[in-house]
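A structural walkthrough
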Amino acid sequence: MDIVVSQIMTGLSIASILMLVSLGLAVIYGVTGVINLAHGEFVMLGAYAAWALQTELGLSLLPSLVAIFLILAAVGWLVEVLVIRHLYARPLDTILATWGIGVMAQQAIRLTAGGELRYVQMPESLSASVTVFGATESAYRLFILAVALALFAVTWGIYRYTSFGLKLRAITQNRSVASSFGINASRIYRLTFAYGAGIAGLAGALVSPLKSVSPEMGTTYVVDAFMVVVLGGAQSLMGTLASSGILGELSGYLAFYSNDTIAKALVLLAIVVIIRFRPQGLFTARVRA
Amino acid sequence: MPVQGKNKVSGKTKLEIAVYAAVCLAILALPLVLHDAFLLNKYARYLVLGILAVSLSLSWGYAGILNLGQATTFGLGSYCMAMALKLKTIPIHTGADGLPDFMVWNNVPELPWFWKPFYSMTFGVAAGIVVPMLFAALLGWFMFRGRVTGVYAAITTLAAMVVVQLLIIDQQAYTGGFNGITDLAQFDVAGFTFDAYSSSSYYLVAICLTVSLFLALAVTKSKTGLIVQAIRDQEDRVRFFGYDVALYQIFIFSVSAAIAGLAGMLYTIVMEFASPTFLGVPLSLSVVIWVAVGGRQSLLGAMLGALVVTGTQGALSESETFLDSWTLIMGLLFVLVVLFLPKGIAGAVEKLAGKFGHRRAAPVPPPQLQPQRTEAVANTRHAESLS
């Protein structure tokens, strides 16, 4: 029983991190259709922001979260204004441009903060372990799970119940008709991009105590996040939730029972097959086009 | 459209051929003035990457298939050549039973079946072209028959490359794993040995470059090439004309893979090893940068883009600080090119040349709503009426 629970909890922990990392990507891709390869670098910048606030200002992780969200939202806003907004008509080129931005972000960090690994302290109040259904679990991992679910709920709420969300959904369905009803699509896109980047930053800050922080850390996250979004369906937030759950539990299970490399290759192959037969993802919300 | 003879080559094409030939001649003539073996090896390496860029330009620039996994086929070609060259070292670098050294270290009892044909160098060279081609044809069939295009095709090719790379790293006993295949014999044909550090290898690479460049040019000028370009611009319209769009896409994807495989083989000859990094994401995305900077819709531009970018990188790599800032500048340059020069430097040059040569040009075509999009479709129709 203990092993089953702890196995499930490990999967949930992986899933919550996946969820955090891919939520921002899902929002950006779902709304604007931009494939943001710099997303991993937003995550990385968030982790470095946490590190910088801790070592320079002595701030603990929890109080600095709001600042990190704002910093990364500003970065995302800037990227949208300077680069992305010129490329909405050329979706393939957004892959290239955002990749270039990612390279720059990595190199800028390497030049300023150095290439070596950095460590972020876990908040003391959460460094203990707790017992859940007979299995011991780190309190911090449970905290991440709670934050991931909360952020999902907030995003869902914005999407569903605010006038901003209404406009967002209108644009996603048909940009030109929405514009002709007086919705400022460019502004909505910009805010969406900023919001997605901000969440990515939060994700980076939250995982930073669990993993070492390095300029290259974003690369793995962006691949994982893409898998979640492709599996879940771009325009479906619920799909993102479900697919991070599936992929999280699956990776936990595969890592436990088999060879890591082969497991990774199998998951990638599955993604290739899914793109071929269900490009809209497994859990698509029905959108009237 | 006035009726022309079928074989009549337009003035623009003649000029293009002349420019291509001039560049190739300059490349071929380099060893006459340069005798430093180390530099010749370095330049040969750049030229190989130039061939790789030509192959990507063919699929991305002309067919609109952004292959983020172009290094897959490059790496496959490189491994085929490395396997053949490794088996030639049998009397020298082996343990028991004539096995390659890394297999002995991994306790492989006998040579696996798929290594055996590589005793023949002819088979190795053929496999270096055919294996990448088959891989591309299979992947292309899988994608294009399902009408996977654009962004999804890009992600599929990227994922497929990572799968192949993971498999090669995982099967260490048969592929050398992380270390790749090292300590190779030198490539030789009919008793003539191509030393990696000599003008002979440089000439081999330069000739292959010339051949692939002109082969690719011929493909783009053919009727098939025009249809492929039309598919890039207006896929549905070409489909409505009754063409089998997927078949054309698979064709160009495979030709591109064959050229990349050739480049991979040459890379093994010049570098004297094969490594899983040859199928890596960094190399694959670098190719995309070179081609974007040089001009994706110009084979020559893409090739020169590769030479200029890798050349600059190589020149700066002696100093660590320079290399660091270079990466930053590279990223910025790349973003700027994507934003302001979507057709790369070659596109800009063409535009400038167009302005100067304006007076001599034929009557100006009437302004169209989307001139770039309709051009290739019109050409196809033209080609259609000629055949």
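To start, this report covers the structure provided alongside it. (Residues numbered from 1 in each chain as written. Chains lettered and ligands numbered in written order. Predicted model: local features only at pLDDT ≥ 70, side-chain atom pairs only at ≥ 80, totals over all residues. Heavy atoms only, no water.)

Comments concerning helix α6 (residues 150-170) of chain B
A rise of 1.5 Å per residue sets the reference length of α6(B), with its 21 residues, at 30 Å; its end C-alpha atoms lie 31 Å apart and thus fit the reference within 8%. α6(B) sits mainly inside the fold: 16 of its 21 residues count as buried. (Helix = DSSP H or I, 4+ residues; strand = E, 2+ residues; numbered from the N terminus. Expected span 1.5 Å × (residues − 1). Buried < 20%, exposed > 50% of the residue type's maximum accessible area, 1.4 Å probe, protein only.)

So, the nonpolar core
In terms of nonpolar packing, the biggest core is built from 214 residues, with B:Phe74, B:Leu266, B:Leu299 and B:Met303 touching the most fellow members. Every residue in contact with B:Met303, bar those within four places of it in the chain, is listed here: B:Val23, B:Ile27, B:Gly50, B:Ala53, B:Val54, B:Leu209 and B:Leu213. (Core = buried A, V, L, I, M, F, W, Y, C linked by side-chain atoms within 4.5 Å. Contact = heavy atoms within 4.5 Å.)

Describing the side chain of B:Ser201
Residues and elements named next belong to chain B. Within the element layout of this structure, Ser201 appears in helix α8 (residues 199-221). With a relative accessible area of 1%, Ser201 lands in the buried category. For Ser201, the side chain forms a polar contact with the main-chain oxygen of Asp195, separated by 2.7 Å. If we ignore the near neighbours within four places in the chain, the residues touching Ser201 are Phe194, Asp195, Ala196 and Ile269. (Polar contact = N/O pair within 3.5 Å; in protein donor to acceptor, adjacent residues only side chain to side chain.)

Structural notes on the interface of chain B and chain A
Listed per partner, the contact involves 36 residues of chain B and 35 residues of chain A. Taken together, the two surfaces of chain B and chain A that pack against each other cover about 3200 Å², and 81% of this comes from carbon and sulfur. Contact with chain A buries surface across chain B, with B:Phe142, B:Tyr152 and B:Leu339 losing the most and accounting together for 18% of the total. Viewed at the interface, chain A and chain B are joined by 1 salt bridge. The partner of B:Arg296 in a salt bridge is A:Asp93, and the shortest N-O contact between them spans 3.3 Å. Our enumeration of links across chain B and chain A arrives at 5 residue pairs in polar contact (both at pLDDT 80 or more). When contributions to the side of chain B that touches chain A are tallied by element, the ones reaching two or more residues are α5 (121-144), α6, α12 (281-294) and α14 (320-340) of chain B. No other element matches the 13 residues that α6(B) contributes to the side of chain B that touches chain A. Among the residues making up the side of chain B that touches chain A, the classes are represented as 26 nonpolar, 6 polar and 4 charged. (Buried area = accessible area lost by both parts, 1.4 Å probe. Salt bridge = Lys/Arg side-chain N within 4 Å of Asp/Glu carboxyl O. Nonpolar A, V, L, I, M, F, W, Y, C, P; charged D, E, K, R; others polar.)

Observations concerning the pattern of salt bridges
Applying the stated criterion to the full structure yields 12 salt bridges over all chains. Linking B:Asp101 and B:Lys86 is a salt bridge whose minimum nitrogen-to-oxygen distance equals 3.0 Å. Taken together, the residues span a long stretch of sequence, with B:Asp101 in helix α4 (residues 101-105) and B:Lys86 in helix α3 (residues 70-87) at a distance of 15 residues. For the pair formed by B:Asp101 and B:Lys86, the shared burial category is buried. When the shortest N-O distance is used, the salt bridge between B:Asp244 and B:Arg145 registers 3.2 Å. Taken as a pair, B:Asp244 in the loop between α10 (235-240) and α11 (245-271) and B:Arg145 in the loop between α5 and α6 lie far apart in primary sequence, 99 residues in all. Judged by its relative accessible area of 38%, B:Arg145 is partly exposed. Several salt bridges share partner residues, and in doing so they unite A:Arg90, A:Asp93 and B:Arg296 into one network.

Concerning the packing of aromatic side chains
With the rule as written, the count across this model stands at 23 aromatic pairs over all chains. Taken together, a centroid distance of 5.6 Å and an interplanar angle of 40° make the contact between B:Phe273 and B:Phe278 tilted. Residue classification places B:Phe273 among the partly exposed positions, given a relative accessible area of 26%. Over the face of the ring belonging to B:Phe142 we find A:Arg276, whose NZ or CZ atom lies 5.4 Å from the ring centre. (Phe/Tyr/Trp six-rings, centres within 6.5 Å; stacked < 30°, edge-to-face > 60°. Lys NZ or Arg CZ within 6 Å of the ring centre and 35° of its normal.)

Description of unusual backbone geometry
Trans is the prevailing form of peptide bonds, just as negative phi is the prevailing case for residues other than glycine. Residues and elements named next belong to chain B. Positive phi, normally seen in glycine, also occurs at Asp183, with a value near 55°. Relative to the helices and strands, Asp183 is located in the loop between α7 (172-175) and β1 (187-189). For Asp183, a relative accessible area of 41% corresponds to the partly exposed category. Positive phi is not limited to glycine here, since Glu272 has a value of about 70°. Inspection of the secondary structure puts Glu272 in the loop between α11 and α12.

A word on the packing of helix α2 (residues 39-57) of chain A against helix α3 (residues 61-82) of chain A
All names here are of chain A. It is the contact of α2 with α3, at a shortest axis distance of 9 Å, that shows an interaxial angle of 135°. Overall, the two elements α2 and α3 adopt an arrangement that is oblique. Classified by chirality, the crossing of α3 by α2 is right-handed. Residues Phe42, Leu45, Gly46, Ala49, Ala50, Leu53 and Gln54 of α2 pack against Leu61, Ser64, Ala67, Ile68, Leu72, Val75, Gly76 and Val79 of α3. Residues belonging to the contact of α2 with α3 are distributed by class as follows: 11 nonpolar, 4 polar and no charged. (Axes fitted to C-alpha atoms, helices over the stretch in contact; angles between N-to-C directions. Parallel < 35°, antiparallel > 145°, perpendicular 65-115°, else oblique. Left-handed = near helix turned anticlockwise from the far one by under 90°.)

Structural notes on a nonpolar patch on the surface
Residues and elements named next belong to chain B. A contiguous nonpolar surface patch, about 550 Å² in accessible area, is contributed by Leu332, Leu336, Phe340, Leu341, Ile345 and Val349. Ranked by residue count, the leading element in the nonpolar patch is α14, at 3 residues. If you trace the backbone, Leu341 turns up in the loop between α14 and α15 (344-356). Since its relative accessible area comes to 33%, Leu341 is described here as partly exposed. (Patch = residues over 30% accessible without salt bridge, like charges linked within 9 Å, V, L, I, M, F, W, Y side chains within 5 Å. Areas by Shrake-Rupley, 256 points an atom, 1.4 Å probe, with all protein chains shown as cover.)

Comments concerning the side chain of B:Thr72
Residue and element names in this part refer to chain B. As for its position among the elements, Thr72 is in helix α3. On the basis of relative accessibility, which here comes to 2%, the residue Thr72 falls in the buried class. Among the polar contacts made by the side chain of Thr72, one reaches the main-chain carbonyl oxygen of Gly69 at a distance of 2.5 Å. Look past the residues within four positions of Thr72 in its chain and what remains in contact with it is Phe135, Met161, Val164 and Leu279.

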